[in-house]
Amino acid sequence: MIIYGLSTCSLCQKALKALEADGKDVQFRDVRAEPLSEAELAELIAEFGDRLVDRSTNDYRGLSAWLKESEADAQISAKPKVMARPVIRDQNSYYLGWDEAVQQALLEG
């Protein structure tokens, strides 16, 4: 299982702690320190579409007008912090966020 996010993201940290406490083998990947490849980004965009960009952040608001009109992959490549997070990959399934539905899907009982 892989969590894509930021090491400074409290929601990513909560997800990581909960999954590890549940006995899952989890790798954490900070997308700022180790950016997504074009293929990885394309795979996530195919799964989540525009939901992969968090438009409520100051980082998104700070993007140029040109980038705001660009595709999600260009926005995330230019500024990884605008990626909605955490993104969790469990084998061939992907989850976005750490809400109750994601927790129920990934945590035992």
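Rules behind the numbers
Residues numbered from 1 in each chain as written. Predicted model: local features only at pLDDT ≥ 70, side-chain atom pairs only at ≥ 80, totals over all residues. Heavy atoms only, no water. Pairing = 2+ DSSP bridges. Helix = DSSP H or I, 4+ residues; strand = E, 2+ residues; numbered from the N terminus. Buried < 20%, exposed > 50% of the residue type's maximum accessible area, 1.4 Å probe, protein only. Contact = heavy atoms within 4.5 Å. Expected span 1.5 Å × (residues − 1). Arc of directions from axis to C-beta. Polar contact = N/O pair within 3.5 Å; in protein donor to acceptor, adjacent residues only side chain to side chain. Core = buried A, V, L, I, M, F, W, Y, C linked by side-chain atoms within 4.5 Å.

Q: Would you mind showing me how to read the pairing of strand S3 (residues 87-90) here?
A: For a regular strand, side-chain orientation follows a simple rule: the groups alternate between the two sheet faces. With three bridges joining them, strand S1 (residues 2-5) and S3 adopt antiparallel strand pairing. Among the inter-strand pairings, Ile3 is bridged to a residue of S3, identified as Ile88. Where S3 and strand S4 (residues 93-96) come together, four bridges link them in antiparallel fashion. The partner of Asp90 across the bridge, within S4, is Ser93. The turn joining S3 and S4, which pair antiparallel and follow one another in sequence, is formed by two residues; a positive phi near 55° is taken by Gln91.

Q: Explanation requested: the environment of Ala18 in the structure shown.
A: Inspection of the secondary structure assignment puts Ala18 in helix H1 (residues 10-21). For Ala18, a relative accessible area of 24% translates into the label partly exposed. Taking the C-alpha atoms as reference points, Ala18 and Leu44, separated by 26 residues in sequence, lie 23 Å from one another. Excluding residues within four positions of it along the chain, Ala18 makes contact with Trp98 and Leu107.

Q: Quick question: what am I supposed to make of H1 here?
A: What sets the pattern is the α-helix's 3.6 residues per turn: residues three or four places apart point alike. Taking 1.5 Å per residue, twelve residues should reach 16 Å; H1 reaches 16 Å between its end C-alpha atoms and fits that length. Residues of H1 that are buried: Cys12, Ala15, Leu16 and Leu19. What you see down the axis of H1 is that its buried residues fit within an arc of 100°, all on one side. The exposed set on the far side of H1, more than 90 degrees from its buried face, consists of Lys14, Lys17 and Ala21.

Q: Explanation requested: the side chain of Arg29 in the structure shown.
A: Mapped onto the fold, Arg29 is located in strand S2 (residues 27-30). With relative accessibility at 12%, the residue Arg29 sits in the buried group. A polar side-chain atom of Arg29 sits 3.2 Å from the main-chain carbonyl oxygen of Glu34. Sequence-distant contacts of Arg29, defined by excluding residues within four places in its chain, comprise Ile2, Ile3, Tyr4, Gly5, Glu34, Pro35, Leu36, Ser37 and Glu40.

Q: Is there a simple way to think about the nonpolar core in this case?
A: Counting residues in hydrophobic clusters, the biggest one holds 22 residues, and the most contacted among them are Leu36, Leu44, Phe48, Leu52, Ile76, Met83 and Val87. Those elements that provide at least two residues to this core are helix H2 (38-48), helix H5 (72-78) and S4. The leading source of residues in this core is H2, at three residues. Setting aside its immediate chain neighbours within four residues, Leu44 contacts Leu36, Gly49, Leu52, Val87 and Tyr94.

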